[in-house]
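Results of the structural survey
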Amino acid sequence: MSHEDNLNPADREFEDALRSLSPKTARIDPVAAAFCAGERSARRTTRRWQAVAAVMVLALVSSWLIPSFDRATTSPHLVVQLQSPDSAAVVPAVDAHSVLAMQEAIRDRGLSGLPRAEIPTVRAFDAEDMF
Amino acid sequence: MIDLERVTKLVIDRAPRLTLYARQWLDSSSADDVVQDALTALLMQRTAPDDPIAWMYRTVRNAAIDHARVSSRRRKREQVVAAARREWFDDRPDNLIDADSAERMLKNLPPDQREIVVMRIWGELGFAQIAGILEISISTAHARYTAALAQMRNELEQPCRTKTT
C-alpha cells in the first residue's frame, strides 16, 4: 500500500474540504520573466567573452613584460677579445726594400723617398788571396 | 534546449499555488517577486529540469527562506500587520471550509508540517516529490502530513471559545 492512499476516510474528507479553497491569484508576468531571462543570459555570455578577452590581454602583457624584465635585471654582456700572439691580426713589418714599399714611397715622396741602398762594403782584395 | 512556452505555461497555471507556498515565509508582494524570479531562473536553464514543478517549489523555497532571512527585521514589523489580514485564499461561496479558519489553522501548524500540507493539498504533489524537495524520506513526509491533518481537524472540531465575563 503506497503512502498516497494511506489515509483514513475522515482525513480524505478533510483533504477535499481544504482543496475546495483556491489560493489567491498571483501577479506573475511571464513576458517580463522571459525578457529578464534573455537579458541575464546575454549579460552572462558577454561577461564570459569579457573574461576570455581579459585573460588574453593579461597573457599578452605578461609575455611582453617578463622578457623585458629579464633584460633589465641581467648584467650587460662584456665581450673580451683575446688575441693570440700568432694571430693573423699581427701584421708583419713590411721591408722597406720590398717592391711594394718602394712603390708607395715613390708615390708619396718621389725618388727622394726611396730608402738608401745598403751596398755592401768592398773588401780589400789581394792577389795572394787567390792563391 | 528548454521548451520555453511549455514550461512557462506550466508555471503560470500553478503560479497561485507557488505563491501560496512562498507566503508561508513572506508577505504577498514578496512572494510574488520570489515566484517571478524563480520563473526567470527556470527560463535561463540550458536544459529543462526533469520535474519543472518540483524544481520550482525547491527554488521558491530556497529564495523565500533567503529573502525572509535578509529582511527579518522588516518582516517582524510587517507580521503584526499581516497577522490581522487574511490573504492566502479567496473567499468563495462554494468553499467547503471557511477560508479564514483554514488560514488560521495552517498558520498554527509547525512550519515543517505546514509546507508539506501546502505542497500536498494545493500543489498537488506526491509524497515522493515532496520528500525530494525537502530532502527527507517519504515516510517522514507522510508522517508529518498525517500529523498536520490530525492537528487541523482537532482544531476545527473544537467548539469556539468565547470569553465570559
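Heads up: these notes are all about the structure in this document. Source: prediction; values computed, not measured.

Concerning the overall build of chain B
- Looking only at helices and strands, chain B has nine helices and zero strands in total.
- Taking as baseline every contact in chain B between residues at least 6 positions apart, the subset at least 24 positions apart corresponds to 65%.

Section: the interface of chain B and chain A
- Contacts between the two partners involve 35 residues from chain B and, on the opposite side, 28 residues from chain A.
- Broken down by secondary-structure element, the contributors of at least two residues to the side of chain B that touches chain A are helix 1 (4–13), helix 2 (15–22), helix 3 (28–43), helix 6 (99–108) and helix 9 (138–157) of chain B.
- When residues of the side of chain B that touches chain A are assigned to their parent elements, the largest contribution, six residues, is made by helix 3 of chain B.

Brief notes about helix 7 (residues 111–121) of chain B
- For helix 7 of chain B, the full list of buried residues reads Glu115(B), Ile116(B), Val117(B), Val118(B), Met119(B), Arg120(B) and Ile121(B).
- Buried residues belonging to helix 7 of chain B abut helix 1 (9–19) of chain A together with helix 2, helix 4 (52–70), helix 6, helix 8 (127–134) and helix 9 of chain B.

With respect to the environment of Thr47(B)
Residues and elements named next belong to chain B.
- Positionally, Thr-47 belongs in the loop between helix 3 and helix 4.
- Taking the number of C-beta atoms within 10 Å as the measure of exposure, Thr-47 has 7 and is therefore exposed.
- Separated by 44 residues in sequence, Thr-47 and Asp-3 place their C-alpha atoms 8.7 Å apart.

Focus: the nonpolar core
Residue and element names in this part refer to chain B.
- The biggest cluster of nonpolar side chains holds 50 residues, and the ones touching the most others in it are Ala-22, Val-34, Val-35 and Val-60.
- If you tally residues by element for this core, the top one is helix 3, at seven residues.
- If we skip the residues at most four places from it in the chain, Ala-22 touches Ala-31, Val-34, Val-35, Val-60 and Ala-64.

Looking at the packing of helix 1 of chain A against helix 9 of chain B
- Contact pair helix 1 of chain A / helix 9 of chain B: the axes reach a minimum separation of 10 Å and the direction vectors enclose 75°. The angle between the axes of helix 1 of chain A and helix 9 of chain B places the two elements in the roughly perpendicular class. Along the contact surface, helix 1 of chain A presents Ala10(A), Asp11(A) and Phe14(A), while helix 9 of chain B presents Thr146(B), Leu149(B) and Arg153(B).
- Class assignment for the residues of the contact of helix 1 of chain A with helix 9 of chain B results in three nonpolar, one polar and two charged.

Description of unusual backbone geometry
All names here are of chain B.
- With a phi close to 55°, Glu-124 is a non-glycine residue in the positive phi region.
- With respect to the secondary-structure elements, Glu-124 resides in the loop between helix 7 and helix 8.
- The backbone phi angle of Glu-135 is positive, close to 55°, even though this residue is not glycine.

Overview of the packing of helix 3 of chain B against helix 4 of chain B
Residue and element names in this part refer to chain B.
- Axis separation between helix 3 and helix 4 bottoms out at 9 Å; the angle between their running directions is 130°. Classed by the angle they form, the pair helix 3 and helix 4 counts as oblique. Crossing of helix 3 against helix 4: the hand is right-handed. Here Ser-30, Val-34, Val-35, Asp-37, Ala-38, Ala-41 and Leu-42 of helix 3 come into contact with helix 4, specifically with Pro-52, Trp-55, Met-56, Thr-59, Val-60, Ala-63, Ala-64 and His-67.
- When the residues that make up the contact of helix 3 with helix 4 are grouped by side-chain class, the tally is 11 nonpolar, three polar and one charged.

Digging into helix 3 (residues 99–109) of chain A
- With respect to burial, helix 3 of chain A is a largely exposed element, only zero of its 11 residues being buried.
- Just downstream of helix 3 of chain A, Gly110(A) is the residue with a positive phi angle, here 80°.

Basis of the calculations
- Per chain, the residues get numbers from 1 upward, laid out in the order the sequence is written.
- Chain letters start at A and ligand numbers start at 1, both assigned in the order the entries are written.
- Per-residue local features are limited, in this predicted model, to residues with pLDDT of at least 70; the limit for side-chain atom pairs, both in listing and counting, is 80 or more; totals at the level of whole chains, interfaces and linings are taken over all residues.
- A run of H or I in DSSP becomes a helix once it reaches four residues, and a run of E becomes a strand once it reaches two; helices and strands are each numbered from the N terminus.
- It is the C-beta atoms, placed from the backbone, that decide contacts: two residues are in contact if theirs lie within 7 Å.
- Exposed residues have 12 or fewer other C-beta atoms within 10 Å of their own C-beta, buried residues have 20 or more, and partly exposed residues fall in between, where C-beta atoms are placed from the backbone.
- Think of a nonpolar core as buried Ala, Val, Leu, Ile, Met, Phe, Trp, Tyr and Cys residues chained together by C-beta atoms that fall within 7 Å.
- For helices, the axis comes from a line fit to the C-alpha atoms of the stretch in contact; other axes are also lines fit to C-alpha atoms, and the angle between any two N-to-C directions lies between 0 and 180 degrees.
- When describing relative orientation, an angle under 35 degrees is termed roughly parallel and one over 145 degrees roughly antiparallel, while 65 to 115 degrees is termed roughly perpendicular and anything else oblique.
- As a working rule, the residues Ala, Val, Leu, Ile, Met, Phe, Trp, Tyr, Cys and Pro are called nonpolar, Asp, Glu, Lys and Arg charged, and the rest polar, with Gly in that last group.
- Each crossing gets its handedness from the near helix: less than a right angle anticlockwise from the far helix is left-handed, clockwise is right-handed.

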